[in-house]
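# Report on the structure
If you want the building blocks of each chain, they are given just below.
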Amino acid sequence: MEIVLATLVIGVLIGFFILIPRFHRSSHQKSSNVAHVNRNAASKASQKYSKTEVSLHNKRTDCWIIIKDKVYDVTSYVEEHPGGDAILVHAGDDSTEGFFGPQHASRVFDMIEDFYIGDLDQ
C-alpha cells in the first residue's frame, strides 16, 4: 500500500510540474510583468504561516502545500493537474519529499515559485 501511495504521489508531481504549464503567456506579457512579480515576491516573503494554518487548506478548492519550509497555494492548478486528485494527497501538508524526487525536470523548481505565498513559521 505504501508503494502504491508513493508511486501515486510521484506520478502526480510529475504531471503537476512537467506536463501542463500553469499559464500560457507570451514573452511580451512575461517581460512586462517581471517588475510586478518581483514586487509580489518581496511582499509575500514576509508572510508567515503556521503548520496549523496551512493544514486548513486541504481541499480541491483551497489547496496549499509546503516545500522546504515555503508555502505554496496551488489551488489554481488542482483542476489542471494531469495526475488528477493525487495532488490532494499532501494538500495542507509537507510535499517536500515527493517534490524533490528523481522524476522532476529542473524547470519545476522555477515553475513552483509562481505559487509561492510565504514561509512556514517555525
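Preceding block: the structure.
Residues numbered from 1 in each chain as written. Predicted model: local features only at pLDDT ≥ 70, side-chain atom pairs only at ≥ 80, totals over all residues. Heavy atoms only, no water.

### Thoughts on the side chain of H57
Within the element layout of this structure, H57 appears in the loop between α3 (51-55) and β2 (58-59). Ignoring anything within four residues of it in the chain, the contact list for H57 reads D62, C63, W64, A91 and G92. (Helix = DSSP H or I, 4+ residues; strand = E, 2+ residues; numbered from the N terminus. Contact = heavy atoms within 4.5 Å.)

### Considering the nonpolar core
Counting residues in hydrophobic clusters, the biggest one holds 15 residues, and the most contacted among them are I67, Y72, V74, I112 and F115. The next biggest cluster of nonpolar side chains, apart from the first, holds seven residues, and it includes Y49, I66, I117 and L120. (Core = buried A, V, L, I, M, F, W, Y, C linked by side-chain atoms within 4.5 Å. Buried < 20%, exposed > 50% of the residue type's maximum accessible area, 1.4 Å probe, protein only.)

### A look at the pairing of strand β3 (residues 62-67)
Across the six residues of β3, five count as buried, placing the element largely inside the fold. The pairing of β2 with β3 spans two bridges and is classified as antiparallel. When the sheet's bridge partners are listed, K59 is paired in β3 with D62. The antiparallel pairing of β2 with β3 creates a hairpin that spans two residues between the two strands. For β3 and strand β4 (residues 70-73), the ladder comprises four bridges, and the chain directions are antiparallel. From the neighbouring strand, I67 faces β4, where its bridge partner is K70. (Pairing = 2+ DSSP bridges.)

### Remarks on unusual backbone geometry
With a phi close to 50°, K68 is a non-glycine residue in the positive phi region. Summarising the element assignment, K68 is placed in the loop between β3 and β4. Judged by relative accessible area, K68 falls into the exposed class, the value being 57%. In this model, D69 sits at a positive phi of 65°, which is unusual for a non-glycine residue. One can find D69 in the loop between β3 and β4.

### Notes on the pattern of salt bridges
The final tally for this structure, using the stated rule, is three salt bridges. With a closest N to O distance of 3.2 Å, D93 and K51 form a salt bridge. Of this pair, D93 sits in strand β5 (residues 93-94) while K51 is found in helix α3, placing the two residues 42 residues apart along the sequence. Since its relative accessible area comes to 33%, D93 is described here as partly exposed. A salt bridge links R60 to E79, with the shortest nitrogen-to-oxygen separation between them at 3.0 Å. In this pair, R60 is assigned in the loop between β2 and β3 and E79 in the loop between α4 (75-78) and β5, connecting sequence segments 19 residues apart. By relative accessible area, which is 57% here, E79 ends up exposed. Linked by salt bridges that have partners in common, R60, E79 and D85 make up one network. (Salt bridge = Lys/Arg side-chain N within 4 Å of Asp/Glu carboxyl O.)

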